[in-house]
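One letter stands for each residue in the lines below.
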Amino acid sequence: MFQIRLERRSVSQQADLNGIERFAVMKFSHLCRPALSLAFFAGVAAATFALPSTAVAKALVLEEFFKGKTVGKGVFESKIAGVNRPFTVYLTGTWNPKTFTLRLREDFVYDDGERDTKTWFFQKVAEDRYIGQRADVLGPAIVRTMDDGSLKFSYVAEVPLENGSILLRFNDTLTQIDRRTVKNTAKVVKGGFPVGTVDLTFTR
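Quick notes on the rules
- Residues numbered from 1 in each chain as written.
- Predicted model: local features only at pLDDT ≥ 70, side-chain atom pairs only at ≥ 80, totals over all residues.
- Heavy atoms only, no water.
- Pairing = 2+ DSSP bridges.
- Helix = DSSP H or I, 4+ residues; strand = E, 2+ residues; numbered from the N terminus.
- pLDDT = per-residue confidence, 0-100.
- Contact = heavy atoms within 4.5 Å.
- Polar contact = N/O pair within 3.5 Å; in protein donor to acceptor, adjacent residues only side chain to side chain.
- 1 Å grid on protein atoms, 1.4 Å probe; cavity = no way out; pocket = protein on both sides within 12 Å on 5 of 7 lines; lining within 4 Å.
- Points joined across faces, edges and corners; volume = space filled by probe spheres on them.
- Nonpolar A, V, L, I, M, F, W, Y, C, P; charged D, E, K, R; others polar.

A. Focus on the pairing of strand S1 (residues 68-78). Across 11 bridges, the pairing between S1 and strand S2 (residues 83-96) is antiparallel. Within the sheet, the bridge partner assigned to Lys73 lies in S2 and is Thr88. Taking the residues that link successive antiparallel strands as the turn, the S1-S2 hairpin has four residues, and the phi of Gly82 there is positive, at about 70°. Where S1 meets strand S11 (residues 193-203), seven bridges bridge the pair, whose relative direction is antiparallel. Of the residues in S11, the one forming a bridge with Gly74 is Leu200.

Here it is as structure tokens:
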């Protein structure tokens, strides 16, 4: 147990102490005022004369990077299902300037021997936006360019299983690392719960 000891002071002693405290506070405030003023003006000057940054992230342009031949190396992983499937995907992109559409054929070769082919059609509807369509995707996928230059889009795809199929949502992000490399990460969701991830790197 802590014990608090109180000292009794006379009224005159207390008054003296109060006076000393008030003097100390006034003196401290007087001494600090010039320093605070200098700090304030220094901050204003820094904000006024700071040079704007000239570094602007280069946005990924699908029809520029994926036109022609591209190869991707990646892996689908689901810790819940105990699945880890590395794969290689060979892409062939064809740009139609009349319809502003990129046709992107993807030929998948999984390390376990399975093969699959999918074809995306990305129509450019604005400088920062595409509409993507694929046979196994429910509805159009809106692809948007973010402030950092990456592309983000979300879609629901029908994924085949041994006894039927399952609908999974893919939330994709594509980021250009350099002129020959694009990183693709995706979170796979079912019913609002994360069930897997895709980590994929495209190179030209």
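Right, picking up where we left off after that structure.
B. Structural view of the pairing of strand S4 (residues 115-126). Sheet topology note: the strand S3 (residues 101-110)/S4 ladder contains nine bridges and is antiparallel. For Leu104, the partnering residue across the bridge sits in S4 and is Trp120. Inspection of the sheet shows S4 paired to strand S5 (residues 129-133) by five bridges, in the antiparallel sense. Following the sheet pairing, Ala126 is matched in S5 by Arg129. The hairpin turn running from S4 into S5, its antiparallel successor, is two residues long.

C. Geometry of the confidence of the model for the protein chain. Considering every residue of the protein chain, the mean pLDDT works out to 81; 72% of them sit at 70 or more. Note that pLDDT drops below 50 for residues 1-56; the model gives that stretch two contacts with residues more than four away or on any other chain.

D. Highlighting the side chain of Lys118. Within the element layout of this structure, Lys118 appears in strand S4. In this structure the side chain of Lys118 is engaged in a polar contact, spanning 3.2 Å, whose partner is the side chain of Asp136. Among residues more than four places away in sequence, those in contact with Lys118 are Leu104, Arg105, Glu106, Phe108, Arg134 and Asp136.

E. Just the layout of surface pockets, in detail. Its volume calculated, the largest pocket comes out at about 1,100 Å³. Along the walls of the largest pocket sit 44 residues, with Phe76, Tyr110, Val159, Phe170 and Val198 positioned nearest its centre. Of all the elements in the fold, those that place two or more residues in the lining of the largest pocket are S1, S2, S3, S4, strand S8 (151-161), strand S9 (164-178), strand S10 (181-190) and S11. By residue number, the principal contributor to the lining of the largest pocket is S8, which donates eight residues. Among the residues making up the lining of the largest pocket, the classes are represented as 32 nonpolar, two polar and 10 charged.

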